[in-house]
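Structural description and commentary
In case you want the letters, here they are:
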Amino acid sequence: MKTIILIENDIVELERLVNIFRKWQKEINILTARDEETAFNIISTQQVDLIVCNLSHPGGDDLESLSRLTSSFP
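Presented here is an overview of the structure given in this document.

**Describing the sheet that holds strand 2 (residues 28-33)**
A sheet is described by the order of its strands in space; here 3 strands give the open sequence 2-1-3, paired in parallel fashion. The outermost strands of the open sheet, each flanked by one partner alone, are strand 2 and strand 3 (50-53). Ignoring which end each strand starts from, the neighbouring axes of this sheet average 20° apart. Bridge analysis of strand 1 (residues 2-7) against strand 2 gives 6 bridges, and the strand direction is parallel. Within strand 2, the position partnered with Thr3 by the bridge is Asn29. Helix-sheet contacts for helix 1 (residues 11-22) involve strand 1, strand 2 and strand 3, and the interaxial angle to strand 2 is about 175°.

Below, the structure is given as structure tokens:
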């Protein structure tokens, strides 16, 4: 089974994303995080095959956060 993590700070948008991916719940494990730090903590303890994230949210440099995640967990 593949694992994806959805990173979205807006709870309504996060729920929409979860609902989109839910139709594949037999094939994928869906994890969620409201910020990159939470995602980093999750990814450091679990194998994740795909990251889906919003690159335009308040706070910090979004590309730097994505770069940190992908360089730490290629």
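There is more to say after this.
**What about the environment of Ile42?**
Note on placement: Ile42 falls in helix 2 (residues 36-45). Here the alpha-carbon distance between Ile42 and Thr32, two residues 10 residues apart in the chain, equals 8.9 Å. Ignoring any residue separated from it by four or fewer positions in sequence, one finds Ile42 in contact with Ile5, Leu31, Thr32 and Ala33.

Cut-offs used in this document
Residues numbered from 1 in each chain as written. Predicted model: local features only at pLDDT ≥ 70, side-chain atom pairs only at ≥ 80, totals over all residues. Heavy atoms only, no water. Pairing = 2+ DSSP bridges. Helix = DSSP H or I, 4+ residues; strand = E, 2+ residues; numbered from the N terminus. Axes fitted to C-alpha atoms, helices over the stretch in contact; angles between N-to-C directions. Contact = heavy atoms within 4.5 Å.

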